[in-house]
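# Structural overview for review
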Amino acid sequence: HNARATFFVVGFWVEDYPDMVKAINDQGVEIGTHSNTHADFAKLSTSQIKLELETSVNLIKSITNKDVKLFRAPYGSYNNNIISTAESMGLTTIQWDIDTLDWKGLSAMEITNRVINNVKNGSIILCHNNSDHILDALPILLDRLTKMGYEITSVGDLILKDNYYIDNLGVQRKQR
């Protein structure tokens, strides 16, 4: 499908599956951090946020030899402090606009329909590697999105890099 993606990995998963991280990286897939322990960042102090991010970024970099540039907060829980702390560390915090709810055990067709019914240009679609039916859904979903004229790309290729702000819905907007 010529689809590109971004995997946001948690530090403890990186520790348990370093060969998978290497394989993902070796395939040219972008890797971002999803924290070290999957804590709710809105409940952490600034120093705890920094430790979570530093630890996970260092684990990923030790395997990929690449700088980590993207952060997706666990549970989608974020606030201005989390964003500014991540930015001070060179990380761009991202959010998704379509949750497949694959983690709830939805069928491949339910996952596909959730995406198809809500997708728009610039959508970031949230999937999980440990869900029951995502591997069944992806070929169907990618085929349909491609036929609808969408290009599936990595988050790093999609997001704005400068002259933007993040609105109250977590959406990047160009500065005017």
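Okay, so let's go over this structure. (Residues numbered from 1 in each chain as written. Predicted model: local features only at pLDDT ≥ 70, side-chain atom pairs only at ≥ 80, totals over all residues. Heavy atoms only, no water.)

Along the polypeptide, Thr 33 turns up in strand β2 (residues 30–33). Taking relative accessible area as the criterion, Thr 33 reaches 0% and is therefore assigned buried. Among residues more than four places away in sequence, those in contact with Thr 33 are Phe 8, Val 9, Leu 53, Ser 56, Val 57, Ile 60, Val 68, Leu 70, Phe 71, Arg 72 and Leu 91. (Helix = DSSP H or I, 4+ residues; strand = E, 2+ residues; numbered from the N terminus. Buried < 20%, exposed > 50% of the residue type's maximum accessible area, 1.4 Å probe, protein only. Contact = heavy atoms within 4.5 Å.)

The next thing to look at is the packing of helix α3 (residues 46–64) against helix α4 (residues 80–88). For the pair α3 and α4, interaxial distance at closest approach is 10 Å and the crossing angle is 50°. Judged by the angle between their axes, α3 and α4 are oblique. Relative to α4, α3 is oriented so that their crossing is right-handed. Every residue of α4 that contacts α3 at Thr 46, Ile 49, Lys 50 and Leu 53 is listed here: Asn 81, Ile 82, Thr 85, Ala 86 and Ser 88. Here the contact of α3 with α4 is composed, by residue class, of 4 nonpolar, 4 polar and 1 charged. (Axes fitted to C-alpha atoms, helices over the stretch in contact; angles between N-to-C directions. Parallel < 35°, antiparallel > 145°, perpendicular 65-115°, else oblique. Left-handed = near helix turned anticlockwise from the far one by under 90°. Nonpolar A, V, L, I, M, F, W, Y, C, P; charged D, E, K, R; others polar.)

Enumeration according to the criterion identifies 6 salt bridges in this entry. With a shortest N-O distance of 3.4 Å, Asp 157 and Arg 4 are connected by a salt bridge. Taken together, the residues Asp 157 in helix α7 (residues 155–158) and Arg 4 in the segment before β1 (6–9) connect sequence positions 153 residues apart. Judged by its relative accessible area of 39%, Arg 4 falls in the partly exposed class. For Asp 67, the salt bridge goes to Lys 61, with nearest N and O atoms at 2.6 Å. What makes Asp 67 exposed here is its relative accessible area of 52%. (Salt bridge = Lys/Arg side-chain N within 4 Å of Asp/Glu carboxyl O.)

Our focus in this paragraph is the packing of aromatic side chains. For the coordinates displayed, the defined rule picks out 2 aromatic pairs. Seen in terms of ring centroids, Trp 13 and Tyr 17 are 5.3 Å apart; in terms of plane orientation they differ by 40°. Their pairing is tilted. The class for Trp 13 is buried, based on a relative accessible area of 18%. The interplanar angle of 35° and the centroid separation of 5.1 Å between the aromatic rings of Phe 41 and Phe 71 together place this pair among those described as tilted. Of this pair, Phe 41 sits in the loop between β2 and α3 while Phe 71 is found in strand β3 (residues 70–72), placing the two residues 30 residues apart along the sequence. Neither Phe 41 nor Phe 71 differs from the other in exposure class; each is buried. (Phe/Tyr/Trp six-rings, centres within 6.5 Å; stacked < 30°, edge-to-face > 60°.)

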